[in-house]
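Chains, contacts and geometry: an overview
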Amino acid sequence: IITIPNNLNVKNQKVIMIHNGFADVADFETKPFTSDFSFNVLLNTENIVLNQESIFVIQPKLTINNIVESVSYLNEANIDINILGYNNEKTTINKTDIEFKEDRDLVIKILFSFLPKSIDFNIKTSLELNEEIIKINKNKLMNFSSTNSTQIITGYVNSNDKNQIIVTFLGENGEKME
């Protein structure tokens, strides 16, 4: 079977193949064009700190006819980042005219004024092939879990001072909690 991708529907035909004076009848199949765009978002969740920038790394991937291709074939992209907080705070960040590069991941910095419950990344771009423009729209939703406490207790220390027992609670990093 010989397969040749194109923008048409699947077609099966018989062809005569000739090589070095020999001929044979073979099946000839054309398959439709397929493409897929996906992306990963990398984040160290410990770096999400209020009123400080957090770094997100976006790794795009483009496949055409099940073969990984350069993301530089994609036209300028737009990214909408929708952030929802635990108290239903909402904010949207728009990044426009983003150009994906084959040798470099996309780095986005976000300043958080509230702790996120979820972050939805929506990338819109397009691919031009044989003078046809294929629109691409992909989402990735990140959900975060949290305790309803602002402090996490990981241990305690007992001490005795003038016939009183004092219990001191320790935070995640061993710090004394008030």
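As shown above, the structure is provided for reference.
Residues numbered from 1 in each chain as written. Predicted model: local features only at pLDDT ≥ 70, side-chain atom pairs only at ≥ 80, totals over all residues. Heavy atoms only, no water.

Focus on the overall build of the protein
The following threshold applies: Strands are runs of DSSP state E lasting at least two residues, helices are runs of H or I lasting at least four, and both sets are numbered from the N terminus onward. For every residue, the accessible area obtained with a 1.4 Å probe (protein chains only) is divided by the maximum for its type, and the residue is called buried under 20%, exposed over 50%, and partly exposed between those limits. Contacts are assigned to residue pairs that have any heavy atoms within 4.5 Å of one another. Note that accessible areas follow from Shrake-Rupley with a 1.4 Å probe, and for residues the cover is restricted to the protein chains shown.
Of regular secondary structure, the protein possesses zero helices and 13 strands. Counting from the amino terminus, the protein carries its helices and strands in the arrangement β-β-β-β-β-β-β-β-β-β-β-β-β. When burial is assessed residue by residue, the protein has 29% of its 178 residues classed as buried. In the protein, the share of contacts with a sequence separation of at least 24, taken over all contacts with a separation of at least 6, comes to 53%. As displayed, the protein offers around 13,000 Å² of accessible surface, 47% of which is attributable to carbon and sulfur atoms.

Some points on the packing of aromatic side chains
Here is the rule we go by: Here a pair means two rings of Phe, Tyr or Trp (six-membered ring of Trp) with centres within 6.5 Å. Their orientation is stacked below 30 degrees between planes, edge-to-face above 60, and tilted elsewhere. Only when the NZ atom of a Lys or the CZ atom of an Arg is both within 6 Å of the ring centre and within 35 degrees of the ring normal do we say a charge sits over the ring.
Tallied over the entire structure, the rule returns four aromatic pairs. Ring geometry for F56 and F112: centres 6.2 Å apart, planes at 50°, overall tilted. In this pair, F56 is assigned in strand β5 (residues 53-64) and F112 in the loop between β9 (106-111) and β10 (116-129), connecting sequence segments 56 residues apart. Residue F56 shares its accessibility class with F112, and that shared class is buried. Between F56 and F121 the ring centres are 5.6 Å apart and the planes differ by 55°, which places this aromatic pair in the tilted class. On the criterion of sequence distance, the pair formed by F56 in strand β5 and F121 in strand β10 is long-range, its members being 65 residues apart. Clustering of aromatic rings is evident, with ring pairs tying together F37, F39 and F100. When the ring centre of F39 is taken as reference, the NZ or CZ atom of K140 above it lies at 5.7 Å.

Focus on unusual backbone geometry
Despite not being glycine, N20 has its phi angle at roughly 50°, a positive value. Its place among the elements puts N20 in the loop between β2 (11-19) and β3 (22-32). For N20, a relative accessible area of 64% corresponds to the exposed category. Its identity as a non-glycine residue notwithstanding, N51 has a phi of 60°, on the positive side. Tracing the backbone through its elements, the reader meets N51 in the loop between β4 (35-42) and β5.

Some details on a nonpolar patch on the surface
Quick reminder of the rule: Excluding any residue in a salt bridge, patches collect residues exceeding 30% relative accessible area, merging like charges within 9 Å and nonpolar Val, Leu, Ile, Met, Phe, Trp and Tyr side chains within 5 Å. The salt bridge criterion pairs a side-chain nitrogen of Lys or Arg with a carboxyl oxygen of Asp or Glu, the two atoms within 4 Å.
A grouping of I16, I18 and V25 is seen on the molecular surface, where their side chains present a nonpolar patch of about 350 Å² in accessible area. Along the chain, the position of I16 falls in strand β2.

Remarks on the sheet that holds strand β11 (residues 132-143)
Counted only if it meets this: Note: two strands are recorded as paired if DSSP finds a minimum of 2 bridges between them. Helix axes use the C-alpha atoms of the stretch in contact, all axes being lines fitted to C-alpha atoms, and the angles between their N-to-C directions lie in the range 0 to 180 degrees.
Strand order across the open sheet formed by four strands is β8-β7-β10-β11, with antiparallel pairing between neighbours. On the outer flanks of this sheet lie β8 (90-98) and β11, each paired with one strand and no other. The average undirected angle you get between the axes of adjacent strands in this sheet is 15°. Bridge count between strand β7 (residues 77-85) and β10: eight bridges; the pairing is antiparallel.

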